[in-house]
Structures are given as C-alpha cells and as structure tokens.
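Understanding the architecture of this molecule
Okay, here's what each chain looks like letter by letter:
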Amino acid sequence: MSSTAAVSPDRSFHPIKAAALAVVVLVALGFVIKYVLHYYFNYNAGAFADFWPQPRRSGILLHISAGTVALLLGPWQFSRRLRQRHLQWHRVIGRSYLIAVLLAATGAFLLAFTTRPWAWQFGLFGLALAWVSTSGMAYYAIKRRQIQLHREWMVRSYVVTFAFVTFRLFDDMGPTSHLMPEMDRALTFIWACWALPLLVTEVVLQLRRMRHTHAPLR
Ligand code: HEM
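Residues numbered from 1 in each chain as written. Predicted model: local features only at pLDDT ≥ 70, side-chain atom pairs only at ≥ 80, totals over all residues. Heavy atoms only, no water.

**Observations concerning the packing of helix 1 (residues 15-41) against helix 8 (residues 163-173)**
- As a packed pair, helix 1 and helix 8 sit with axes 10 Å apart at the nearest point and diverge in direction by 75°. Our classification of the angle between helix 1 and helix 8 gives roughly perpendicular. Here helix 1 contributes Val27, Phe31, Lys34 and Tyr35 to the contact with helix 8, which in turn contributes Phe164, Val165, Arg168, Leu169 and Asp172.
- For the contact of helix 1 with helix 8, the per-class residue count stands at six nonpolar, no polar and three charged. (Axes fitted to C-alpha atoms, helices over the stretch in contact; angles between N-to-C directions. Helix = DSSP H or I, 4+ residues; strand = E, 2+ residues; numbered from the N terminus. Parallel < 35°, antiparallel > 145°, perpendicular 65-115°, else oblique. Contact = heavy atoms within 4.5 Å. Nonpolar A, V, L, I, M, F, W, Y, C, P; charged D, E, K, R; others polar.)

In structure tokens, the structure reads:
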C-alpha cells in the first residue's frame, strides 16, 4: 500500500472507536484531576516536595502544563469526522499537540537530569526519548505528505503521551502493589508503561497493513 495514497472519504460512524476515544479522554481527565491540579492549587514547598528547588520547580510546571495540553488534545486527532469536516481544526490541534509535546518533553528531560536513583533516571530518559522520536516521526511524515505514515506515528506518539497515565494505572490498580516494593514497581512500570502499549499498538497497526495488502500472485 502506498503511504501517500489519498484517504477515501468514509462518513460512517464507528461507535466502538467513539466509545474508546471517550474512555481515553475520561481516564486522561481523571489523571489530570488527581495528579496534576494539586500542583496549581498548593503552590508551596511542602506540596511540591523535591520538585520545589529550582530548576525542578520550573521544569515540573512547564512539564505538567504542556503535558496536560498534549494529553487532552491528542484524542481529537483520531476523530475521522473532525478530519473530514474541519480539516483546518485538525491542523491547528495537531500543531498545538506537537508544540505541547516539545515543551513537555523539554521539562521532562530537565526533570530526568535532576532526579535519582540512576535506574529511575535511565527509565525516564527512555520514555522521554520515545516521546520525542514518535512525535518527531509523525511531524516528519506529514511534512513529506505521507498521510498514512503520519497517522500511524501519531497513534504511537499518543500511546507514549498516555504512558504516564498508564504508569499510574499499573501502579495504583495493579495487583502488584502488594507484591513488590515501591521502587521495584516504579523501575518496572517506567519501562512497561510505554513498551507494552507500543507492542500492542504495533501488532494492531501491522495486522491492519497485512489485511490491506494483497498477497503476490504465484
Ligand atoms: C510520556 C512522556 C513523559 C515523560 C518522559 C515524563 C517525564 C517525567 C519526569 C522526568 C518526571 C519527574 C520524575 C522525578 O523527578 O522523579 C515527571 C513527573 C510528572 N509528570 Fe511526566 N512525563 C511524561 C508525560 C506526562 C504527561 C503527558 C503528563 C500529564 C500532565 C505528566 C504529568 C506528570 C506529573 C503530574 C508529574 C509529577 C509526579 C507525579 O505526581 O507523578 N507527565 N514526568
């Protein structure tokens, strides 16, 4: 299949996809309410703990503000209706999403540089690198007008954007909370929170490609 192939108009409504996007938005909102908002409402050394000394305080504020924008804008990019009916909005939201990722990742690198222990720092760098590379590939693909590749890399980018939410889901709800010490959990989930969802994403994306590619005639 050509990666530059025009996208055929499809006006049908996909209830399962719409429901999945609604769940993603709701879970993302829940994460922001539970883990982000308190930094704005309690601006003091006690609430920020080791994020209070500079430059970590500026880093976390940049990171969570831009991260929230990316987290809440991302799902709209997967709405086919928005793309087909209001392409201009799709472009504006897409650019805003990528700028937000760039700013949030800058904050993430700054935070990762200044955190400890080493193994946790290494895991955070891995996640930050996955974030900028998947989002950078999405941007590069659209600059080259490779729509299908752009779509696929945007899916990967958002899966990584969602990784911190996934981390909290694993950490808060997983049965492991009673089985592993806190640091073991953190060091496991900081890799698993993006590697496992990206693996599932890759299988789905490649299965779709296989279904749309005809086997060569013998
Ligand atoms: C996926 C790429 C992301 C990376 C690489 C990343 C990286 C980081 C780093 C390095 C820290 C500091 C950890 C420490 O010093 O020990 C942090 C904390 C934090 N991040 Fe992110 N982050 C990402 C995505 C997000 C998103 C999308 C949000 C949504 C707003 C977010 C919200 C937070 C919050 C609230 C904290 C404070 C710690 C906590 O309460 O869990 N992060 N992140």
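**A short note on the packing of aromatic side chains**
- Overall, the coordinates contain 17 aromatic pairs when judged by the stated rule.
- Members of the aromatic cluster, connected to one another through ring pairs, are Tyr39, Tyr43, Phe48, Phe51 and Trp52.
- Its end group placed over the ring of tryptophan 52, arginine 57 keeps NZ or CZ at 3.7 Å from the ring centre.
- Over the ring of tyrosine 35 we find arginine 168, and its NZ or CZ is 4.3 Å from the ring centre. (Phe/Tyr/Trp six-rings, centres within 6.5 Å; stacked < 30°, edge-to-face > 60°. Lys NZ or Arg CZ within 6 Å of the ring centre and 35° of its normal.)

**Regarding the site of the ligand**
- Near the ligand lie 25 residues; those nearest to it are Arg56, His63, Thr115, Trp120 and Arg168.
- Between an oxygen atom of the ligand and a side-chain N or O atom of arginine 56, the distance comes to 2.7 Å.
- Listed by contribution, the elements that provide at least two residues to the shell around the ligand are helix 1, helix 3 (56-73), helix 5 (87-113), helix 6 (118-143), helix 7 (147-161) and helix 8.
- When residues in the shell around the ligand are grouped by element, the largest group, seven residues, is from helix 3.
- Across the shell around the ligand, the residue classes tally to 18 nonpolar, five polar and two charged. (Near = heavy atom within 4 Å. Polar contact = N/O pair within 3.5 Å; in protein donor to acceptor, adjacent residues only side chain to side chain.)

**Looking at the nonpolar core**
- Core analysis: the biggest nonpolar cluster contains 42 residues, and Phe31, Leu71, Tyr97, Leu127, Tyr158, Phe167 and Trp194 have the highest contact counts within it.
- Broken down by secondary-structure element, the contributors of at least two residues to this core are helix 1, helix 3, helix 5, helix 6, helix 7, helix 8 and helix 9 (182-212).
- No other element matches the eight residues that helix 5 contributes to this core.
- Setting aside its immediate chain neighbours within four residues, tyrosine 158 contacts Val24, Ala28, Ala70, Leu71, Gly74, Pro75, Phe78 and Tyr97. (Core = buried A, V, L, I, M, F, W, Y, C linked by side-chain atoms within 4.5 Å. Buried < 20%, exposed > 50% of the residue type's maximum accessible area, 1.4 Å probe, protein only.)

**Things to note about helix 7**
- Here helix 7 is 15 residues long and its end C-alpha atoms lie 21 Å apart, about the 21 Å a rise of 1.5 Å per residue gives.
- Listing the buried residues of helix 7 in full gives His150, Glu152, Met154, Arg156, Ser157, Tyr158, Val159, Val160 and Thr161.
- On the buried face of helix 7, the contacting elements are helix 1, helix 3, helix 5, helix 6, helix 8 and helix 9. (Expected span 1.5 Å × (residues − 1).)

**Description of the side chain of histidine 150**
- Along the chain, the position of histidine 150 falls in helix 7.
- Beyond its immediate stretch of four places on either side in the chain, histidine 150 contacts Ala138, Ala141 and Ile142.

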